[in-house]
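Now for the letters of each chain:
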Amino acid sequence: MRTEYRKLKAIMKKTLNVDFSKKHIEKNLSTDLGFANWEVDYLLAKVETEFNINLAAVNASNGVTVNHLLQQIKNSA
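Residues numbered from 1 in each chain as written. Predicted model: local features only at pLDDT ≥ 70, side-chain atom pairs only at ≥ 80, totals over all residues. Heavy atoms only, no water.

1. Some remarks on the confidence of the model for the protein
Then step 1. When pLDDT is averaged along the protein, the result is 81; 84% of the residues meet or exceed 70.
Then step 2. Helix α1 (residues 2-16) is the least confidently modelled element of the protein, averaging 84 in pLDDT, while helix α2 (residues 37-51) averages 88, the highest of any element. (pLDDT = per-residue confidence, 0-100. Helix = DSSP H or I, 4+ residues; strand = E, 2+ residues; numbered from the N terminus.)

2. Describing the nonpolar core
Then step 1. One finds M12, L29, F35, L43, V47, V66 and L69 to be the most contacted residues of the largest nonpolar core, which totals 20 residues.
Then step 2. Residue assignment for this core shows that the elements contributing at least two residues are α1, α2 and α3 (66-76).
Then step 3. Filtering out sequence-adjacent residues up to four positions away, L69 remains in contact with L8, L29, L43, L44, V47, L55 and V64. (Core = buried A, V, L, I, M, F, W, Y, C linked by side-chain atoms within 4.5 Å. Buried < 20%, exposed > 50% of the residue type's maximum accessible area, 1.4 Å probe, protein only. Contact = heavy atoms within 4.5 Å.)

3. A word on the packing of α1 against α2
What describes two packed helices is the angle between their axes and the distance between those same axes.
Then step 1. Contact pair α1 / α2: the axes reach a minimum separation of 10 Å and the direction vectors enclose 135 degrees. Taken together, α1 and α2 sit at an angle that is classed as oblique. In this structure, α1 meets α2 at a crossing whose hand is right-handed. Residue-level contacts link E4, K7, L8, I11, M12, T15 and L16 of α1 to E39, Y42, L43, K46, V47, E50 and F51 of α2.
Then step 2. The residue makeup of the contact of α1 with α2, split by class, is eight nonpolar, one polar and five charged. (Axes fitted to C-alpha atoms, helices over the stretch in contact; angles between N-to-C directions. Parallel < 35°, antiparallel > 145°, perpendicular 65-115°, else oblique. Left-handed = near helix turned anticlockwise from the far one by under 90°. Nonpolar A, V, L, I, M, F, W, Y, C, P; charged D, E, K, R; others polar.)

4. Let's talk about the pattern of salt bridges
Working definition: two side chains of opposite charge can pair if their charged atoms are close together.
Then step 1. All told, the structure shown has one salt bridge when counted by the stated rule.
Then step 2. The partner of E50 in a salt bridge is K7, and the shortest N-O contact between them spans 3.9 Å. With E50 in helix α2 and K7 in helix α1, this pair connects stretches of sequence that are 43 residues apart. (Salt bridge = Lys/Arg side-chain N within 4 Å of Asp/Glu carboxyl O.)

5. A closer look at α1
Then step 1. Over its 15 residues, α1 runs 21 Å from end to end, which matches the ideal 21 Å to within 8%, given 1.5 Å per residue.
Then step 2. Residues Y5, L8, I11, M12 and L16 constitute the buried set of α1. The arc that holds the buried residues of α1, viewed along the axis, is 125 degrees, so those residues lie on one side. Within α1, the exposed residues directed more than 90 degrees away from the buried face are R2, K13 and K14.
Then step 3. Buried residues belonging to α1 abut α2 and α3.
Then step 4. Positive phi appears at N17, one or two residues downstream of α1, with a value of about 55 degrees. (Expected span 1.5 Å × (residues − 1). Arc of directions from axis to C-beta.)

Put into structure tokens, the structure is as follows:
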């Protein structure tokens, strides 16, 4: 999962200019990190493309965290 975490961290930094650290792994992207819904949607699309997975079941209002994304990536492998 370390490689996936690094890739996800890079996506967030390049896509949304987030200076990311491990302390943010459990924070909700929209409420805790203050991402707009379009930013969360854009991030999810980038993650789907990078890891070739389908995140259709992930809903931003349900509390998407970086840890949640990592679990989805792990489960798809």
